[in-house]
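Residue-level structural notes
One letter stands for each residue in the lines below.
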Amino acid sequence: DATAYDISLIDTPSGMSIEPATLTVKSGSNVTLNVTNDGTVPHNAAMDDGMKTADLAPYTTATLEVGTITEDTTVYCAIPGHKEAGMTMEIKVEN
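Residue positions within a chain follow its written sequence, with the count starting from 1. Totals for whole chains, interfaces and linings use every residue, but because this is a predicted model, local features are given only for residues with pLDDT of at least 70 and side-chain atom pairs only at 80 or more, for both listing and counting. Hydrogens and waters are ignored; side-chain quantities use all the structure's heavy atoms.

Describing the overall build of the protein
- Runs of E in the DSSP output that reach at least two residues are strands. Runs of H or I that reach at least four are helices, and both are numbered from the N terminus. Scanning the protein from terminus to terminus reveals zero helices and eight strands.
- Along the protein, from the amino end to the carboxyl end, the secondary structure elements read β-β-β-β-β-β-β-β.
- The atom set for the radius of gyration is the C-alpha atoms, and the globule formula is 2.2 Å times the number of residues raised to the power 0.38. Since a compact globule built from 95 residues should have a radius of gyration of about 12 Å, the 12 Å found for the protein is in line with a globular shape.
- The principal-axis extents of the C-alpha atoms in the protein amount to approximately 40 × 20 × 20 Å.
- In this tally Asp and Glu are treated as negative and Lys and Arg as positive; neither His nor the chain ends contributes. The atom standing in for a charge is NZ when the residue is Lys, CZ when it is Arg, CG when it is Asp and CD when it is Glu. Counting 4 positive and 14 negative side-chain charges, the protein places the centres of these two groups 5 Å from one another.

Below is the structure:
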């Protein structure tokens, strides 16, 4: 069974972020992210392997089924400029 984690995509006048900024999971965990856009513009949650949610309108949600995690990875907003503005989250793996 997958373990679900809630994450929030946030934009404010001072910047963009994903909360929590870091998520620690056990190696081999099956991870699902419940993604909520708590910002004022569209955002998404993406990973380097090509997995990503649809672009989410403000105050909507989606699920990203990450799958089995065995190494550290980054989740970010793939809308141009958002990752660079700080909209990233690290998934850290512990043994």
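Concerning the environment of Thr63
- Note on placement: Thr63 falls in strand 6 (residues 61-69).
- For the pair Thr63 and Met89, spaced 26 residues apart in sequence, the C-alpha separation works out to 16 Å.
- Whether two residues are in contact is decided by their heavy atoms, any of which lying within 4.5 Å being enough. Thr63 has contacts with Thr32, Leu33, Asn34 and Thr53, leaving out every residue within four places of it along the chain.

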